[in-house]
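Geometric and topological summary
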Amino acid sequence: MSSSTIDLDDTKSLDSLYTETINIGGRVYQQLALDRGLGFTPIDEDERERLDQQHMILQKAFDQRLIFPPIENPQNILDCGYGSAAWVCEVAERYPQCEVIGVDISPHMKPDEIPPNLWLQVDDLNEPFTFASNQFDLVHSQLVVTGIKKDRWRSYIRDCVRVTKPGGWLQFVEWYTNVQSDNGSMGDDHALRQLSGLYLRALDDTRDIRVPMKLGTMMREAGLVEVDSQMIQLPANGWPSTEREREIGNMNNVLYKEGLGAQCNYLLHEYLNMDMPEIHVLVAKARQDLDNLALKPYIGLYVAIGRKPNS
Ligand SMILES: C[S@@+](CC[C@H](N)C(=O)[O-])C[C@H]1O[C@@H](n2cnc3c(N)ncnc32)[C@H](O)[C@@H]1O
């Protein structure tokens, strides 16, 4: 992870290489991410708001906990793929004595004002980290599965471990983007299942979408101890019986339906050569499935933590 790894052509400054955007179908995308196949979702104001709201939903699902490992007084924290910087800003505000660094390939969605103990950097997490070893109490990585290349995951986790202090922690959060049904009633004839299948097919060559389920194993393989990995069912509409879960489901439903087009339009059009009208019809039908309480749809949210041994 270093600016020296970026190929600059003669006409572009480093800044414009990262900041250059392109309008497609009324949404703004980062040119670099599209060119390098690093990302395929917009980086505009709508996406920033969506990420902020997603953070609120996750915080509700996590009972307002930002950090899961037992870290008393963190001095240095790294956030990989900060997005709209919602998590990393809250962490920096909660721990004003802590130096917090966020890294993202896209600088477009960060807020205009950030806490004074937070530094946001632009870089590609697929490149080897250039941070010094043993410097962070916590390395946090959340919802970057579609941005990390398939064959990078093991070295990505090793890099995160290397820069963590002995005794420090990794906290990884990822979801399995293929929506599940709690009662198994979603079949191949449902548009939501079809859309999930196409999404996976478009990414299968370059991404490991099943990484969320393997995070615990990969952390152990990277030498971490006290590894704890859990799956939380994030309801995708108001089907659950408890009020708390129903509220999360209803919030998630609105956000998921809103984000569906942004997640799929560019990807299915460019990677699978599907026509836009065909994609729009499928997305509209998938939205109807997301409203179907009888399907009991949910997204598997995987949280894994692990500690770097003291020696
Ligand atoms: C879905 S957002 C999640 C943002 C934030 N972690 C959160 O939970 O709200 C994914 C973010 O990771 C960034 N990202 C994805 N792949 C990346 C890569 N290879 N290098 C740096 N940032 C990356 C994207 O630019 C985007 O801002």
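Residues numbered from 1 in each chain as written. Predicted model: local features only at pLDDT ≥ 70, side-chain atom pairs only at ≥ 80, totals over all residues. Heavy atoms only, no water.

This part takes up the packing of aromatic side chains. By the definition in use, this model includes 9 aromatic pairs. Pairing Phe-131 with Phe-136 gives two aromatic rings, centres 5.5 Å apart and planes at 90°, and the pair type is edge-to-face. Relative accessible area serves as the criterion here: at 1%, Phe-136 is assigned to the buried category. Feature note: the residues Phe-129, Phe-131, Phe-136, Trp-153, Tyr-156 and Phe-172 constitute an aromatic cluster, connected by ring pairs. (Phe/Tyr/Trp six-rings, centres within 6.5 Å; stacked < 30°, edge-to-face > 60°. Buried < 20%, exposed > 50% of the residue type's maximum accessible area, 1.4 Å probe, protein only.)

Here we take up the environment of Pro-212. In this fold, Pro-212 is placed in helix α7 (residues 211–221). When the C-alpha atoms of Pro-212 and Asn-273 are compared, they prove to be 27 Å apart, with 61 residues separating the residues in sequence. For Pro-212, the residues in contact, after removing those within four places along its chain, are Val-145, Glu-174, Trp-175, Tyr-176 and Tyr-302. (Helix = DSSP H or I, 4+ residues; strand = E, 2+ residues; numbered from the N terminus. Contact = heavy atoms within 4.5 Å.)

With a phi close to 60°, Asn-134 is a non-glycine residue in the positive phi region. When you line up the elements, Asn-134 lands in the loop between β5 (118–122) and β6 (136–142). We note that Leu-143 has phi near 60°; this positive angle belongs to a residue other than glycine. In this fold, Leu-143 is placed in the loop between β6 and α5 (153–163).

The strand order β5-β4-β3-β6-β7-β9-β8 describes an open sheet built from 7 strands, whose pairing is mixed. The sheet is open, and its two edges are formed by β5 and β8 (225–235), each paired on a single side. For this sheet, the mean angle separating the axes of adjacent strands, direction not counted, is 15°. The sheet contact formed by β8 and strand β9 (residues 297–307) spans 9 bridges and is antiparallel. Residue pairing in the sheet places Gln-230 in a bridge with Val-303 of β9. Along the sheet face, helix α8 (residues 243–272) touches β7 (164–181), β8 and β9 and points at about 75° away from the line of β8. (Pairing = 2+ DSSP bridges. Axes fitted to C-alpha atoms, helices over the stretch in contact; angles between N-to-C directions.)

Moving on, we get to the pattern of salt bridges. As enumerated under the stated definition, the model contains 13 salt bridges in all. Between Glu-45 and Arg-48 there is a salt bridge, and its shortest N-O distance comes to 3.2 Å. Residue Glu-45 and its partner Arg-48 are located together in helix α3 (residues 45–61), separated by 3 residues, close to a single helical turn. The class of Glu-45 is partly exposed, set by a relative accessible area of 42%. For Asp-291, the salt bridge identified is with Lys-257, shortest N-O distance 2.8 Å. Of this pair, Asp-291 sits in the loop between α9 (276–290) and β9 while Lys-257 sits in helix α8, and the two are 34 residues apart along the sequence. When salt bridges that share partners are traced, they join Asp-63, Arg-244 and Glu-245 into one network. (Salt bridge = Lys/Arg side-chain N within 4 Å of Asp/Glu carboxyl O.)

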